[in-house]
Amino acid sequence: YHAMKKILLFSMMALPLTGCGIYKKYDRQPDVPADLFGAVQVADTASLGNLPWQQLFTDPELQSLIEEGLSRNTDLQTAQLRVEQAEATLTASKLAFLPSFALAPQGNVSSFDGGKAVQSYTLPVAASWQVDLFGGLLNAKRQAKESYLISEAYRQAVRTRLIASIANTYYTLLMLDTQYRISQETSRKWEEGVRTAKALKQAGMYTEAGVAQMEATYYNIQTSLEDLKEQINQTQNSMALLLAVTPRDFKRGTLEAQQFSADLSVGVPIQLLANRPDVRSAEHAIAQAYYGVAQARSAFYPSITLSGTAGWTNSAGAMILNPGKLIASAVGSLTQPLFNKGLNSARLKIAKAQQEEAQLQFNQTLLSAGSEVNNALTRYQTAQRKAALYDHQISSLETAVKSTRLLMQHGNTNYLEVLTAQQSLLTAQLTQTANRFSEIQGLINLYQALGGGR
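Described in the following lines is the structure provided in the data block.

Procedures and definitions
The residue numbering used here restarts from 1 in each chain and proceeds along that chain's sequence as written. Reporting in this predicted model follows two pLDDT cut-offs: at least 70 for local features of residues, and 80 or more for side-chain atom pairs to be given and counted; totals over whole chains, interfaces and linings ignore these cut-offs and use all residues. For the side-chain quantities, the full set of heavy atoms in the structure was used; hydrogens and water were omitted. We count a stretch as a helix when DSSP gives it H or I for four or more residues in a row; a strand needs E for two or more, and each element gets its number in order from the N terminus. Each residue gets one of three labels from its accessible area relative to the maximum for its type: buried under 20%, exposed over 50%, partly exposed in between, using a 1.4 Å probe on protein chains only. In what follows, a contact means two residues having at least one pair of non-hydrogen atoms within 4.5 Å. Residues belong to one nonpolar core when they are buried, are Ala, Val, Leu, Ile, Met, Phe, Trp, Tyr or Cys, and are joined through side-chain atoms within 4.5 Å. We call Phe, Tyr and Trp rings a pair once their centres come within 6.5 Å, taking the six-membered ring for Trp, and we label the pair stacked below 30 degrees between planes, edge-to-face above 60, and tilted otherwise. A 1.4 Å probe that fits but cannot get out identifies a cavity on a 1 Å grid over protein atoms alone, an open set with protein on both sides within 12 Å along at least five of seven lines counts as a pocket, and a residue lines either if it has an atom within 4 Å of a point. Grid points are joined across faces, edges and corners, and a volume is the space filled by probe spheres set on the points. Any residue that is not Ala, Val, Leu, Ile, Met, Phe, Trp, Tyr, Cys, Pro, Asp, Glu, Lys or Arg is counted as polar, Gly included; the first ten are nonpolar and the last four charged. What makes a salt bridge here is a side-chain nitrogen of Lys or Arg within 4 Å of a carboxyl oxygen of Asp or Glu, nothing more. Here, expected helix span is obtained from the residue count minus one, scaled by 1.5 Å. In this context, the arc is that of the directions from the helix axis out to the C-beta atoms. Counting of polar contacts relies on pairs of N or O atoms within 3.5 Å, with two restrictions inside protein: one atom must be capable of donating a hydrogen and the other of accepting it, and residues adjacent in sequence are counted only when both atoms are side-chain atoms.

**Notes on the overall build of the chain**
A tally of regular secondary structure across the chain gives 11 helices and five strands. Taken over 454 residues, the chain has a buried fraction of 38%. Restricting the contact set of the chain to residue pairs at least 6 apart, pairs at least 24 apart contribute 83%.

**Structural notes on the nonpolar core**
Judged by nonpolar contacts, the single largest core of 45 residues is most densely connected at L48, F57, L62, I166 and Y171. Of all the secondary-structure elements, those providing two or more residues to this core are α2 (53-56), α3 (60-72), α4 (74-95), α5 (136-202), α6 (208-243), α10 (341-409) and α11 (415-449). Broken down by element, this core gets its largest block of residues, 13 residues, from α5. Among the nonpolar cores identified, the runner-up in size contains 12 residues, and Y26, I286, A287 and Y290 belong to it.

**A closer look at the packing of aromatic side chains**
Counted by the stated rule, this structure contains three aromatic pairs. Ring plane angle 85° and centroid distance 5.8 Å describe the contact between F57 and Y447, whose orientation is recorded as edge-to-face. Of the two residues, F57 is situated in the loop between α2 and α3 and Y447 in helix α11; the sequence distance between them amounts to 390 residues. Its relative accessible area of 2% is what places Y447 among the buried residues.

**A few points about the layout of surface pockets**
Computed from the structure, the second largest pocket encloses a volume of approximately 290 Å³. In terms of lining, the second largest pocket is formed by 13 residues, of which the most central are L255, E256, Q432, T433 and R436. Every element with two or more residues in the lining of the second largest pocket is listed here: α5, α10 and α11. With six residues, α11 is the largest single contributor of residues to the lining of the second largest pocket. Class assignment for the residues of the lining of the second largest pocket results in four nonpolar, five polar and four charged.

**Looking at the pattern of salt bridges**
The tally for this structure, following the rule as stated, stands at 12 salt bridges. Of the charged contacts, one joins D177 and R252 as a salt bridge, the two residues approaching to 2.5 Å between their closest N and O atoms. Of this pair, D177 sits in helix α5 while R252 sits in the loop between α6 and α7 (269-275), and the two are 75 residues apart along the sequence. Exposure remark for D177: the relative accessible area of 14% places this residue in the buried category.

**Structural notes on the environment of L407**
In this structure, L407 sits in helix α10. With relative accessibility at 38%, the residue L407 sits in the partly exposed group. Taking the C-alpha atoms as reference points, L407 and V418, 11 residues apart in sequence, are found 9.1 Å from one another.

**Quick word on unusual backbone geometry**
When glycine is set aside, most residues are seen to have a negative phi, and most peptide bonds are trans. Phi at A244 takes a positive value of approximately 60°, unusual for a residue other than glycine. Tracing the chain through its elements places A244 in the loop between α6 and α7. The exposure class of A244 is partly exposed, given its relative accessible area of 28%.

**Some details on α3**
In this model α3 runs 18 Å from its N-terminal to its C-terminal C-alpha over 13 residues, within 8% of the 18 Å that 1.5 Å per residue would give. Within α3, the full set of buried residues consists of L62, L65, I66 and G69. For α3, the angular spread of buried residues about the axis comes to 100°, placing them on one side. The backbone nitrogen of E61 has a side-chain oxygen 2.8 Å away, supplied by the residue at the start of α3, namely D59.

None of this, on its own, says anything about what the molecule does.
Structure below.
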């Protein structure tokens, strides 16, 4: 008993030596450059990253697909299992503060030289409790909590990426559908043109070369239709993989019917930083490494484990105790750091290096976040500006088609010039469709870059 008092007294005397951050919580706020996200819109409207995905993607068919993906996607289910594993680890680290008990009953039947059998039993209860005087268990629990938060951030990143991928794939289908309809309409016009050209040739008003050139253009459009069919099939297969279902023809709306709110704002940099799961994960990684350093430092101090055994046995006829084990275990815990100083020093150096690595990774994550937001915003705004120009271009080309038709009727031009004007209109319409998709894709990428989908 007196030896145990001396052990505890020594431990209490060592407490003032622990002012090197063993108990201190991580509370440092990372420095965020003011111009991290480049040209940032600041408005009173809600940040795009804070919008629920249902408010951004209002197409009912798309909403149905996203809900199906959130319930079936295997990557998201795997991320959820990681969260559950980290949660179990955190619970285990909390239980380490409590004493542990073990009941190990034993029985024995013995007989000597054919004599009467003697039955004996022992009912020992072993108790053990680690006294966390120097923060070893505390920092392990804090590390486990940061690991849990990292897994939560990873799950959110997978969820955000899944929503964005489903939306991107859906709008790709709408773009391909629109291009296919435009190409079909153009194919019909060129087929009619070929028939007209052949009739004109028989009347001696058109040449063989002109007819052949028109037929070649018609077959080229037919080829592009086959390519579009294949792309639509491949895109639907990609959607099936995202939803974890077998390939099928997905019900969908039209690109022309898609509407988005005009009151969208990117928000201010601190809001963006709070939303992005990869940034949150990187900051939790810094905190986790910080507690790793603290835990490595606590290894230089003894870990006091109080343990003993008590129970009953019929051989002694009374209670059995083992107080000597209590003192022996404590003395062993006190002397252990003296012999492991070199190993503990190496572990501390490793933990410090991991902390510096986590800080560098956080800085790089910030830069990547700024680049992604800037790229997505620039793409969205550029497509918006180009949309008005394409509208003017198509209007001019439609006028050109009408004018060439009138000129042909009065004999001032030939039918090939009419078809050439129609081909230019087709190309502009296809390009306008691609630009509309680029605008929507920029919005989706921006939503993902801002950490939306929570």
